[in-house]
Number of protein chains: 2
Amino acid sequence: MPNFAIGVDLGGTNLRIAAVDEQGCLLEKVTLGTRVTLGRERVISDMCEAIRHLSAKYHDRGTLLGTGIGVPGIIDIQTGMVRESPNLPGWSDSPVRAEIEKKLGTRVILENDANSAAFGEKWLGAARDVADMAMLTLGTGVGGGIVLGGRIWHGMNGMAGEFGHITVEPEGQLCGCGNRGCAEQYASATAVVRMAREAIANGEAPGLARAANSDAEFSAKAVYNLAIQGDEEARRIFRRVGRALGIVLATLVNTLNLPMYVVGGGVSSAWEAFSPTIFEELRSRCMVYAATAPADPLGAETGASAKVEPGTGRKTIITRALLGSDAGLYGAARLPMVNS
Amino acid sequence: MPNFAIGVDLGGTNLRIAAVDEQGCLLEKVTLGTRVTLGRERVISDMCEAIRHLSAKYHDRGTLLGTGIGVPGIIDIQTGMVRESPNLPGWSDSPVRAEIEKKLGTRVILENDANSAAFGEKWLGAARDVADMAMLTLGTGVGGGIVLGGRIWHGMNGMAGEFGHITVEPEGQLCGCGNRGCAEQYASATAVVRMAREAIANGEAPGLARAANSDAEFSAKAVYNLAIQGDEEARRIFRRVGRALGIVLATLVNTLNLPMYVVGGGVSSAWEAFSPTIFEELRSRCMVYAATAPADPLGAETGASAKVEPGTGRKTIITRALLGSDAGLYGAARLPMVNS
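Just so you know, these numbers come straight off a predicted model, no measurement behind them.

Caption draft 1: Here's a closer look at the overall build of chain A. Helices and strands together make up the secondary structure of chain A, namely 11 helices and 12 strands. For a compact globule of 340 residues, the expected C-alpha radius of gyration is about 20 Å, and chain A comes in at 20 Å, within 12% of that figure. Dimensions of chain A, computed from the C-alpha atoms along their principal axes, are close to 60 × 50 × 35 Å. Scored against the burial criterion, the 340 residues of chain A give a buried share of 55%. Within chain A, contacts between residues at least 6 apart in sequence are counted, and of these 62% link residues at least 24 apart.

See the structure below:
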């Protein structure tokens, strides 16, 4: 009988808790709203109640190995402090791990949410057959995570994998971080909507203008819908997404020479619209990629092909994530299974 | 009595062979010309003769642990093949390790020369007190190496650390690799001379024009000499060097969050001229750097300060290399000491 662990994906909107066994089977998933405005203690109480419920319910299925929690922000892995979390006001510089462990009486591991997602895709998703991988998560912002030798690479202060703030246009769009031309300004859902509104304001995009007028919550998804219907302005926006991601991926390939890079997060559902530009950019910008590209990069959907040839014959696979919004939940559940 | 190893730095111009003991003491260094035009076999014979000479001479000082050889090119670490080496015509796709091992009858380790230099700085140079570091080598081109957990990070095909081909200007100068705006086009010795000749051609740089006319071998060193004398055009060129390096370093800090980045190679002797711009770029472009910068980045000359504070208090140190042109030689000698 396989043991199991609890994974938590603590988002600014949703709080999701799952019991997952060692073989990666989902036993049960609970989705709650994150009651951010009621304060940290309330959210932690909601979380602990669900964790206790799942732990008790599956108690006779195996040993509970622990709880892993993906948090949107910078985590001090050693101390279990949340250092910074823009989406969770009031959580910065607080001893979140200690607070939860005290309530639960069991071991808890905190992790950055993008790192958890990378770890989930490595365990059960697109990168399940490789030991080394990186993942870009395209959501409201752009996050990332690196797994080396099967373990999350944190860097010295848990800040590794900030791919969203790699400069892709040195004099480009101002970013909230203070830099200009961060990848996040071209490849996040927020950026897709901004670029669409810019095109509308320039009077260049009648299709986008109509969509924006008819839709109070004009979103990246709406821009994508127009792109797949052939709207040239919408398609151009996703080519800009692909160009930014191509530059970031070329940098990662040149720096780390990994067998696999996974693109996930909400915006990755527009993969068909932006991925051809990614591969164009990579082929023209990255010698290492050109030397190691599979014959059919868009067909290389899983890590299997990265294993085929040993040594220098190994290929660079760039592919979309497979676990959707559950990647972080699975990755969080995996943490206590490998950190014992 | 400490054991020793032989390190070789096989350059396109010079072939240097050294005996180094386990404590990092140089026993003896031999410098030969690399007789590239006489063919690979001739160069390997010269090298093996010097290795045998040093091995025999220091035989009663300790056990010879092996020979490490830094080669300018892409090495298949598993097979010991040189895959590509623009500076060593006729060496590509040849079983160099097997050829040398056969001649010597002892174990040989091949390594990329920029990786060897990084490994040397990690062992005895600027990064001696940290386990994780990256090094940029600014020479004719721009190379790089990454050391993680005290070991060289090769990537899946030995191509990791190609920092010279990170894009810093998406529509910039065409590079030999096919990309536009590679760091190498702004931060190598070749780039410094090109930027100087461009400024001369534009009629903007009387000081540089005089220097170029009076010097048949107008070099990056000549541009640096003008910069330290206050020539505004020469200074501007080194600010461009610093800007390109700042963008690359911001990317590495965002990606890997290492405690130390070392800048070496011939152009690094112009550190005073370009490093202030590096730190300006880093502060404005890189949140992770801003959060982890030491109070006096230019004063942080060694790895010691990177160790002071544990956990998230650790600082990002960016500093110049300490071993000069011997970094690769020491790094190569270190290889057989740690790969047993």
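Caption draft 2: Inspection of the interface of chain A and chain B at higher detail. Taken together, the 39 residues of chain A in the interface contact 40 residues of chain B. Those elements that provide at least two residues to the side of chain A that touches chain B are α8 (232–256), α9 (271–285) and α10 (287–292) of chain A. A per-element tally of the side of chain A that touches chain B places α8 of chain A first, with 6 residues. By residue class, the composition of the side of chain A that touches chain B is 15 nonpolar, 18 polar and 6 charged.

Caption draft 3: Summary view of the domain arrangement of chain A. Residue and element names in this part refer to chain A. Along its sequence, chain A is carved into domain 1 (4–122 + 326–338) and domain 2 (129–322). Contact residues are listed per partner, giving 13 residues for domain 1 and 18 residues for domain 2. Contributions of two or more residues to the side of domain 1 that touches domain 2 are made by β5 (74–76) and α3 (113–124). A per-class count over the side of domain 1 that touches domain 2 returns 8 nonpolar, 2 polar and 3 charged.

Caption draft 4: Inspection of the sheet that holds strand β7 (residues 108–112) of chain A at higher detail. Residues and elements named next belong to chain A. Read across the sheet, 5 strands follow the order β3-β2-β1-β4-β7 without closing on themselves; strand pairing throughout is mixed. Strands at the two margins of the open sheet, each flanked by one partner only, are β3 (26–33) and β7. Looking at each pair of strands side by side, their axes are set apart by 15 degrees on average, direction ignored. Sheet topology places strand β1 (residues 4–10) next to strand β4 (residues 64–71); 5 bridges connect them, and they run parallel. Paired with F4 across the bridge in β4 is L64. Its contacts with the sheet put helix α2 (residues 96–104) on β4 and β7, and the angle it makes with β7 is roughly 150 degrees. Along the sheet face, α3 touches β1, β4 and β7 and points at about 100 degrees away from the line of β7.

Caption draft 5: Region of the structure containing the relation of the copies chain A and chain B. The transformation that overlays chain A on chain B combines an axial shift of 0.0 Å with a rotation of 180 degrees, and the residual RMSD is 0.0 Å. Those values place the two copies in the arrangement expected of a two-fold rotation axis. Most of the interface of chain A is mirrored in chain B, where 100% of its interface residues are also at the interface.

Caption draft 6: Local environment of the nonpolar core. Ranked by internal contacts, the top residues of the largest apolar core, which has 230 residues, are M133 and V248 of chain A together with M133 and V248 of chain B. M133 of chain A has contacts with A118, K122, A127, V147, L258, M260, Y261 and V262 of chain A, leaving out every residue within four places of it along the chain.

Caption draft 7: Focus on helix α7 (residues 220–228) of chain A. Residues and elements named next belong to chain A. Within α7 the residues assigned to the buried category are A220, V223, Y224, L226 and A227. Angularly, the buried residues of α7 cover 160 degrees about the axis, an arc narrow enough to put them on a single face. Where α7 is buried, its residues contact α5 (189–201), α6 (206–214), α8 and α9. Backbone geometry just after α7 places G230 at a positive phi near 100 degrees.

Caption draft 8: Inspection of the pairing of strand β9 (residues 142–148) of chain B at higher detail. Residues and elements named next belong to chain B. Most of β9 sits inside the fold, with 6 of its 7 residues counted as buried. Where strand β8 (residues 133–138) and β9 come together, 6 bridges link them in antiparallel fashion. Each residue of the ladder has a partner; that of M133, found in β9, is V147. In sequence, β8 turns back onto β9 through a hairpin of 3 residues.

Caption draft 9: Local environment of the confidence of the model for chain A. All names here are of chain A. Overall, the prediction assigns chain A a mean pLDDT of 93, with 95% of residues at 70 or greater. Overall, residues 301–311 carries pLDDT values under 50, and its contacts beyond four positions in sequence, including any with other chains, amount to 26 contacts. Our summary of model confidence lists the complex with pTM equal to 0.94 and ipTM equal to 0.93.

Caption draft 10: Quick look at unusual backbone geometry. All names here are of chain A. Backbone geometry places D93, a non-glycine residue, at a positive phi of 55 degrees. In this model, N257 sits at a positive phi of 50 degrees, which is unusual for a non-glycine residue. Considering the arrangement of structural elements, one finds N257 in the loop between α8 and β11 (260–264).

Caption draft 11: Main features of the packing of helix α6 (residues 206–214) of chain B against helix α7 (residues 220–228) of chain B. Residue and element names in this part refer to chain B. Axis separation between α6 and α7 bottoms out at 10 Å; the angle between their running directions is 140 degrees. The orientation of α6 relative to α7 falls into the category oblique. Classified by chirality, the crossing of α7 by α6 is right-handed. For the pair α6 and α7, contact is made by G207, L208 and A211 and by A222, V223 and L226, respectively. Among the residues forming the contact of α6 with α7, the class breakdown is 5 nonpolar, 1 polar and no charged.

Caption draft 12: Looking closely at the environment of E49 of chain B. All names here are of chain B. Following the sequence through the fold, E49 ends up in helix α1 (residues 40–57). Taking the C-beta count within 10 Å as the criterion, E49 has 14 such neighbours and is therefore assigned partly exposed. Separated by 210 residues in sequence, E49 and P259 have C-alpha atoms that sit 40 Å apart.

Thresholds applied
Residues numbered from 1 in each chain as written. Chains lettered and ligands numbered in written order. Predicted model: local features only at pLDDT ≥ 70, side-chain atom pairs only at ≥ 80, totals over all residues. Helix = DSSP H or I, 4+ residues; strand = E, 2+ residues; numbered from the N terminus. Rg over C-alpha atoms; globule rule 2.2 N^0.38 Å. Buried ≥ 20, exposed ≤ 12 C-beta atoms within 10 Å, placed from the backbone. Contact = placed C-beta atoms within 7 Å. Nonpolar A, V, L, I, M, F, W, Y, C, P; charged D, E, K, R; others polar. Domains from an automatic or database assignment. Pairing = 2+ DSSP bridges. Axes fitted to C-alpha atoms, helices over the stretch in contact; angles between N-to-C directions. Least-squares fit on C-alpha atoms with pLDDT ≥ 70 in both. Core = buried A, V, L, I, M, F, W, Y, C linked by C-beta atoms within 7 Å. Arc of directions from axis to C-beta. pLDDT = per-residue confidence, 0-100. Parallel < 35°, antiparallel > 145°, perpendicular 65-115°, else oblique. Left-handed = near helix turned anticlockwise from the far one by under 90°.

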